[in-house]
Amino acid sequence: MRVGYVQTKPVFGKKKDNLDQAVELIDKTDADLLVLPELFSTGYYFPSKARLMQLAEEIPSGKTVRTFKNLARKKNCHFVFGMAEKKGSRAYNSSVYVTPHGKIYLYRKLQLFYKEATVFARGNLKPKVFPFYEYKLGMMICFDYMFPEICRVMALAGADLICHPSNLVLEYCQLANRTRSLENRVFIIMSNRVGEDTAFGETLKFTGMSQITSPDGSVLARGPKTKPALSVTDIDMQDSRQKKPTPYNHVLNDRRPGFYRDLL
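Everything numeric in this text was worked out from a predicted model, so none of it was measured.

K.L.:
What is the right way to read the nonpolar core from this model?
P.N.:
Most often, soluble globular proteins keep nonpolar side chains buried together rather than apart. Core analysis: the biggest nonpolar cluster contains 38 residues, and Leu33, Leu137 and Leu161 have the highest contact counts within it. In contact with Leu161, other than residues within four places in its own chain, are Val3, Leu33, Lys136, Leu137, Gly138, Phe187, Ile189, Ile235 and Met237. Membership of the second largest hydrophobic core comes to 20 residues, among which are Val6, Leu34, Ala72 and Phe81.

K.L.:
Help me out: how do you make sense of the environment of Gly4 in this one?
P.N.:
Along the chain, the position of Gly4 falls in strand E1 (residues 2-7). For Gly4, a relative accessible area of 0% corresponds to the buried category. Beyond its immediate chain neighbours, meaning those up to four positions away, Gly4 contacts Leu33, Leu34, Val35, Ile189, Ile212, Ser231 and Val232.

K.L.:
Just checking my understanding: could you explain the packing of helix H4 (residues 148-156) against helix H5 (residues 173-184) for this structure?
P.N.:
How two helices pack is summed up by the angle between their axes together with the distance between the axes. It is at 10 Å that the axes of H4 and H5 come closest, and there the two elements cross at 30°. Here H4 and H5 pass one another in a crossing that is right-handed. Note on element contacts: H5 touches H4 through Arg180, Glu183 and Asn184, opposite Pro148, Cys151, Arg152 and Ala155.

K.L.:
What's the story with the sheet that holds strand E5 (residues 104-108) in this structure? I'm lost.
P.N.:
Within a sheet, neighbouring strands are paired by backbone hydrogen bonds and run either parallel or antiparallel to one another. Across the sheet, six strands lie side by side as E5-E4-E3-E2-E1-E14; this open sheet has mixed pairing. The open sheet terminates on both sides in strands that have one partner only, identified here as E5 and strand E14 (229-234). For this sheet the average axis-to-axis angle between neighbouring strands, irrespective of direction, equals 30°. Sheet topology places strand E4 (residues 90-98) next to E5; five bridges connect them, and they run antiparallel. Looking at E5, one finds that Val98 is bridged to Ile104. Most of the contacts of helix H3 (residues 63-75) go to strand E3 (residues 78-87), to which it runs at about 160°, and overall it touches E3, E4 and E5.

K.L.:
Would you take a moment to explain helix H1 (residues 15-26) for this structure?
P.N.:
Since the α-helix advances by 3.6 residues per turn, residues separated by three or four positions end up pointing in the same direction. For H1, with twelve residues, the first-to-last C-alpha span of 17 Å sits near the 16 Å given by 1.5 Å per residue. All buried positions along H1 are accounted for by Asn18, Leu19, Ala22, Val23, Leu25 and Ile26. Here the buried residues of H1 occupy an arc of 160° about the axis, which is enough to place them on one side. Facing away from the buried surface of H1 by more than 90 degrees, the exposed residues are Lys16 and Glu24. Summarising the contacts, the buried residues of H1 are in contact with E1, strand E2 (33-35), H3, E3 and E14.

What counts as what
- Residues numbered from 1 in each chain as written.
- Predicted model: local features only at pLDDT ≥ 70, side-chain atom pairs only at ≥ 80, totals over all residues.
- Heavy atoms only, no water.
- Core = buried A, V, L, I, M, F, W, Y, C linked by side-chain atoms within 4.5 Å.
- Buried < 20%, exposed > 50% of the residue type's maximum accessible area, 1.4 Å probe, protein only.
- Contact = heavy atoms within 4.5 Å.
- Helix = DSSP H or I, 4+ residues; strand = E, 2+ residues; numbered from the N terminus.
- Axes fitted to C-alpha atoms, helices over the stretch in contact; angles between N-to-C directions.
- Left-handed = near helix turned anticlockwise from the far one by under 90°.
- Pairing = 2+ DSSP bridges.
- Expected span 1.5 Å × (residues − 1).
- Arc of directions from axis to C-beta.

Written as structure tokens, this is what we have:
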């Protein structure tokens, strides 16, 4: 498989420009799967729920999903991207998976970060895995990486690859995802953004360094800190089916949850 990340530099509120920037990068490459950042079409730091509702889109009827549905068909490529989803009177920080055949799958961020919780509704969909050719793909969003249960339940459900749209401001994820890959023996594609957003009288600076990690924890590709970038890497998806770090150990079968539950 040829998989990759699209690291962009959104300008808050400039949806058309942000979409055009992403499409321009994507048009230059061919891949089986590309992952874009969290909230890539709107920017991240919403000053109010009213502004969020103004920029959020319904799924699947909104322009962002329609654009990538057409692009997936045109380029025979699967896409995962983060966007602001409008659902009735609520807005969710969501991740959308679009296939070349027009299938659309959805995940809503469970672990809201910092002042997100003042404008977004908490995610209400359980993590799931979805078909990616003969393999399985899962999604998490940004701060979800701090909660290892999310990757673990997807691995237990058969995920071979986890897509991770992000807008990172802390410096831990690039290291933590190597562990998430290693402890679950899965590939992770983390797509981050660069640039800045300002709200609430403060500016958030995003860290870039999108990366792809392998089931042995290796970094297969990493983006720059300050510039937009696209990187595609060839991976052998069968590597994610090898769950034995030694001939005597299996990272999933060796779990002993009966003992862990006693602590709860």
